[in-house]
Amino acid sequence: MKCFFRSSVLLLAAMACQPNPPSDEKMNVFTPIDSRAISDNVVHLMADEWMLITAGTPDHFNTMTASWGAVGHLWNRPVAFCFIRPQRYTFEFAEAQDCFTLSFFDETYRPALALCGRVSGRDVDKVKEAGLTPRILESGNVAFEEARLIIECRKIYTDFFTPEQFIDDPSGIYPSGDFHKMYIGEIIHAWKGEKQGTKH
Ligand SMILES: Cc1cc2nc3c(=O)[nH]c(=O)nc-3n(C[C@H](O)[C@H](O)[C@H](O)COP(=O)(O)O)c2cc1C
């Protein structure tokens, strides 16, 4: 009895220590899709629903919310664009890695994305605070179990915006000269994430 009690306490303690115990209810089933099969309106996805840009390794990664970006076709390849200011912690990871991922969520995750766009991974364990679960892709790149769409990109072109190249002044966007760096990534994989039981 004593032994049963002790092992139950240990089990409960171990469960409590799990930062983000994945629950079945949250888990999505991921189906690989061709980038041409991304049927969502990506303008709406990015501008209104936002996304998480994630870069790093399973042990050391960071993520941030973004609403500026694009998905398209360039140099005969499917591509995604995103734009990261140099002061973001995520910038360091995006610079250091060959790849990044874009994760899109349903409306339920709005507060999680708001948090990831408000605080820095330098100060806070955002993933834990936001209640998200990292999904380690086969490549070792990181996305999120709760995502309804994951796009995995390999960087093919990056550059900072420069003031002299602006034809129309993006008034008020860069008062302190912290111009975004543009990342163009070839889409190497995409997955549709669906709640178990809703797949059709
Ligand atoms: C809706 C929304 C969209 C954002 N879009 C961008 C973006 O496209 N590029 C960018 O550099 N920062 C963007 N941000 C700001 C970053 O998400 C925010 O500064 C974040 O805290 C950076 O986290 P990090 O320091 O951990 O990288 C956005 C924030 C929000 C809330």
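In this text the structure is predicted, and so the values were computed from the model without any measurement.

With that settled, consider the overall build of the protein. Each helix and strand counted, the protein has 5 helices and 10 strands in total. Taken over 200 residues, the protein has a buried fraction of 32%. Within the protein, contacts between residues separated by at least 24 positions form 70% of all contacts whose residues are at least 6 apart in sequence.

Around the ligand, 21 residues are found, and the nearest of them are Tyr89, Thr90, Gly117, Ser120 and Gly121. Those elements giving two or more residues to the shell around the ligand turn out to be strand S3 (60–66), strand S5 (77–84) and helix H3 (89–96). With 4 residues, the single largest contributor to the shell around the ligand is S3. Taken together, the residues that form the shell around the ligand break down as 9 nonpolar, 8 polar and 4 charged.

So, about the confidence of the model for the protein. Mean pLDDT over the protein stands at 89; residues scoring 70 or higher make up 85%. Residue range residues 1–22 is modelled with pLDDT below 50. Its contacts to residues more than four positions away, or to other chains, number 8 contacts.

Moving on to unusual backbone geometry. Comment: phi is negative for the bulk of residues other than glycine, and the bulk of peptide bonds are trans. One non-glycine residue, Trp50, adopts positive backbone phi at about 70°. As for its position among the elements, Trp50 is in the loop between helix H2 (42–49) and strand S2 (51–57). Judged by the 20 C-beta atoms lying within 10 Å of it, Trp50 is buried. Phi is positive for Asn76, which is not a glycine, with a value near 65°. Within the element layout of this structure, Asn76 appears in the loop between strand S4 (69–74) and S5.

In this structure, Glu145 sits in the loop between strand S8 (142–144) and strand S9 (149–160). Here Glu145 falls in the partly exposed class, since 19 other C-beta atoms lie within 10 Å of it. A C-alpha to C-alpha distance of 9.9 Å links Glu145 and Phe105, two positions 40 residues apart in sequence.

Looking at H3, one finds that the buried residues are Thr90, Phe93 and Ala94. Mapping the buried residues of H3 onto a view down its axis gives an arc of 100°, with all of them on the same face. Lining the buried residues of H3 we find S2, S3, S5, strand S6 (99–104) and strand S10 (181–195).

This next bit is on the environment of Ala80. Relative to the helices and strands, Ala80 resides in strand S5. For the pair Ala80 and Glu152, spaced 72 residues apart in sequence, the C-alpha separation works out to 9.1 Å. Residues in contact with Ala80, not counting those within four places in the same chain, are Gly69, Ala70, Val71, Leu102, Ile151, Cys153, Gly185 and Ile187.

This part is about H2. Those residues of H2 not exposed but buried are Val42, Leu45, Met46 and Glu49. For H2, the buried positions fall inside an angular range of 120° around the axis, keeping them on one side. When the buried face of H2 is taken as reference, the exposed residues oriented beyond 90 degrees from it are Val43, His44, Ala47 and Asp48. Among the structural elements, S2, S4 and S6 are those in contact with the buried residues of H2. Downstream of H2 by a residue or two, Trp50 has a phi angle that is positive, lying close to 70°.

The next thing to look at is the pairing of S5. As defined by bridge partners, S4 adjoins S5 across 6 bridges and the pair is classed as antiparallel. Bridge pairing in S5 places Gly72 opposite Val79. As defined by bridge partners, S5 adjoins S10 across 6 bridges and the pair is classed as antiparallel. Across the sheet, the residue bridging to Phe81 is Ile184, located in S10.

Basis of the calculations
- Residues numbered from 1 in each chain as written.
- Predicted model: local features only at pLDDT ≥ 70, side-chain atom pairs only at ≥ 80, totals over all residues.
- Helix = DSSP H or I, 4+ residues; strand = E, 2+ residues; numbered from the N terminus.
- Buried ≥ 20, exposed ≤ 12 C-beta atoms within 10 Å, placed from the backbone.
- Contact = placed C-beta atoms within 7 Å.
- Near = placed C-beta within 6 Å.
- Nonpolar A, V, L, I, M, F, W, Y, C, P; charged D, E, K, R; others polar.
- pLDDT = per-residue confidence, 0-100.
- Arc of directions from axis to C-beta.
- Pairing = 2+ DSSP bridges.

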